[in-house]
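Chain by chain, the residues run as shown.
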Amino acid sequence: MSDRYCIRGCLRRGEHFATCDRHGENYKGDNPCAGCAQVDARDGVLICERCYRRLRRHLEDAADIVGHLRSIADPTKAAAFDRIRVQSSSIEIPAPVAADLIDASNDITTTLNMWANHVAGEDRPGAGLPAGAMADAAHAVVQLAVDVILDELDVLANDSHQVDALCDGVMVVHRDAPDVWTVADAAVRWPLDDAPRWAQAACPVCDLMAVRVQPGRNGRPSRYRCTTSDCEWEANSNDDGGLWASVFAEPTPPEIRPHDPSLLTLVDAARLVHREPGTVRGWVKAGDLEPHLGRYREADVLAVAARKRGEAA
Ligand SMILES: [Zn+2]
Ligand SMILES: [Zn+2]
Ligand SMILES: [Zn+2]
């Protein structure tokens, strides 16, 4: 058990310190405290499980998000925009590139490169994106930094001088236009289209059927996130000993898929036992051979054929 609390100041909803008015049963007063008991830190680090998982998720998504921003910004169109404007005013002018897209992708890249430098023992500013960087190049730059940071995440998250700044730089969402964009800022404004599906099991915290499953990509594990406001539980398929991968596994459909290579077509089944397809079809119609969506198990075909040979003898 950890004896430390989340240094982000996370509190337990509905749970109170002994010194709080609302502590104990049957409180009738008007103290509005929604919960003042602190959340334990995750083992080995200074932030709670929820903060840790959120930080990790934003880091894992950073390269995709920056690539996404650059692809929307499309620097090739930005260049064309300048050219068209000086050449002719009668040509339809594409919408100008939103400065926010450029600022956000540049800020995120600068922040993550700075952290990657720090991990490498060099405390110097991080490089931003070259003007007009294409989406794939931007993605590669950020992914390189993120891989370094994720590899040291537990060390950074256990460093009291670093963890707050890392969280602030990555997972804080600013209400207005940010001075410095975080990954989370970009993620809420230009969300990635991950095509998540609804899980078939309830959230382990709030017990509602509100968990979205996002399949793993880029070699990352699958993710499970509760969408209930206030809950915000999340985990990936490696957390807690891989427990959630089995809890939220896609239920296997009961029927056998027709493309299952171990199943034979009618013609192949007939060929296997040196009969005419019409003969095998007759076995199926007579209920001697069980079909599986129009295909047949090899063992079944052999058994029926053997029995028919016995009957014919
Ligand atoms: Zn309280
Ligand atoms: Zn926390
Ligand atoms: Zn929940």
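Before reading on, note that the structure itself is shown above.
Since we're looking at a predicted model, the values are computed, not measured.

Enquirer: So what exactly am I meant to see when it comes to the packing of aromatic side chains here?
Expert: By convention here, two paired aromatic rings are described through the distance between centres and the angle between planes. Tallied over the full model, the rule gives five aromatic pairs. On the basis of an interplanar angle of 70° and a centroid distance of 4.9 Å, the ring pair of Trp233 and Trp244 is categorised as edge-to-face. One end of the pair, Trp233, is in the loop between strand S5 (223-226) and strand S6 (234-236); the other, Trp244, is in helix H8 (residues 239-247), and eleven residues separate them in sequence. As far as the burial class goes, Trp233 and Trp244 line up, both buried. Ring centres of Trp233 and Phe248 lie 6.0 Å apart, and the angle between their planes is 40°; this geometry places the pair in the tilted category. Separated by 15 residues along the polypeptide, Trp233 in the loop between S5 and S6 and Phe248 in the loop between H8 and strand S7 (263-264) bring together distant segments of the chain. Put simply, the rings of Tyr224, Trp233, Trp244 and Phe248 touch in pairs and so form one group of aromatic residues. One Lys or Arg, Arg42, reaches over the ring of Tyr52 and ends 3.7 Å from the middle of that ring.

Enquirer: Whenever I open this one, the coordination of the zinc ion (ligand 1) confuses me. Can you help?
Expert: Tetrahedral coordination by four donors places them ideally at 109.5 degrees to one another around the metal; octahedral coordination by six donors ideally gives 90 or 180 degrees. In the first shell of the zinc ion (ligand 1), the protein supplies His16 (ND1), Cys20 (SG), Cys33 (SG) and Cys36 (SG), at 2.1 to 2.4 Å from the metal. Here the zinc ion (ligand 1) is ringed by four donor atoms whose angles at the metal span 99 to 121°, and the overall shape comes out tetrahedral. All donors to the zinc ion (ligand 1) come from one chain, and their sequence spacing reads H-x3-C-x12-C-x2-C. Highlighted residues: Cys20 in the loop between strand S1 (11-12) and strand S2 (37-38) and Cys36 in the loop between S1 and S2, separated in sequence by 16 residues.

Enquirer: Could you clarify how one ought to interpret empty space enclosed by the protein in this entry?
Expert: Remark: the empty space left among the atoms is shown by a probe the size of a water molecule rolled over them. Under the definition given, this model contains one cavity of 30 Å³ or more. Its boundaries defined by the atoms lining it, the largest cavity holds a volume of some 60 Å³. Lining the largest cavity we find Glu60, Asp61, Gln214, Pro215, Gly216, Arg217, Arg220, Pro221 and Arg223. Here the residues of the lining of the largest cavity sort into two nonpolar, two polar and five charged.

Enquirer: Would you mind going over the pairing of S5 with me for this structure?
Expert: On a regular strand, one side chain projects to one face of the sheet and the next to the other, so that they alternate. As paired elements, strand S4 (residues 211-214) and S5 share four bridges and run antiparallel to each other. Paired with Val213 across the two strands is Tyr224, which belongs to S5. Taken together, the three bridges between S5 and S6 define a ladder with antiparallel strand orientation. Across the sheet, the residue bridging to Arg223 is Asn236, located in S6.

Enquirer: Sorry if this is basic, but what is going on with the pattern of salt bridges here?
Expert: Pairs can form between side chains of opposite charge once their charged atoms are near each other. Counted under the stated rule, the structure contains 18 salt bridges. Note that Glu15 is salt-bridged to Arg12, the shortest N-O span being 4.0 Å. Residue classification places Glu15 among the partly exposed residues on the basis of a relative accessible area of 40%. Notably, a salt bridge pairs Glu49 with Arg53, separated by 3.0 Å at the nearest N-O pair. Of this pair, Glu49 and Arg53 both sit in helix H1 (residues 49-73), four residues apart, which is roughly one turn of the helix.

Enquirer: What am I meant to see in the coordination of the zinc ion (ligand 2) here?
Expert: Coordination of the zinc ion (ligand 2) by the protein is provided by Cys6 (SG), Cys10 (SG), Cys48 (SG) and Cys51 (SG), with metal-donor distances spanning 2.2 to 2.3 Å. In primary sequence terms, the donor set of the zinc ion (ligand 2) follows C-x3-C-x37-C-x2-C. You can see Cys10 sitting in the segment before S1 and its partner Cys48 sitting in the loop between S2 and H1, a full 38 residues away along the chain. Residue Cys48 is classed as buried on the basis of its relative accessible area, which comes to 3%.

Enquirer: Please explain the pairing of S4 as it appears in this structure.
Expert: Sheet topology note: the strand S3 (residues 197-198)/S4 ladder contains two bridges and is antiparallel. In the strand pairing of S4, Trp198 is matched with Arg212.

Quick notes on the rules
Residues numbered from 1 in each chain as written. Chains lettered and ligands numbered in written order. Predicted model: local features only at pLDDT ≥ 70, side-chain atom pairs only at ≥ 80, totals over all residues. Heavy atoms only, no water. Phe/Tyr/Trp six-rings, centres within 6.5 Å; stacked < 30°, edge-to-face > 60°. Helix = DSSP H or I, 4+ residues; strand = E, 2+ residues; numbered from the N terminus. Buried < 20%, exposed > 50% of the residue type's maximum accessible area, 1.4 Å probe, protein only. Lys NZ or Arg CZ within 6 Å of the ring centre and 35° of its normal. Donors = N, O, S within 2.8 Å, 3.2 Å for Na, K, Ca; no water. Tetrahedral: all angles 85-135°; square planar, octahedral: opposite > 155°, others 65-115°. 1 Å grid on protein atoms, 1.4 Å probe; cavity = no way out; pocket = protein on both sides within 12 Å on 5 of 7 lines; lining within 4 Å. Points joined across faces, edges and corners; volume = space filled by probe spheres on them. Nonpolar A, V, L, I, M, F, W, Y, C, P; charged D, E, K, R; others polar. Pairing = 2+ DSSP bridges. Salt bridge = Lys/Arg side-chain N within 4 Å of Asp/Glu carboxyl O.

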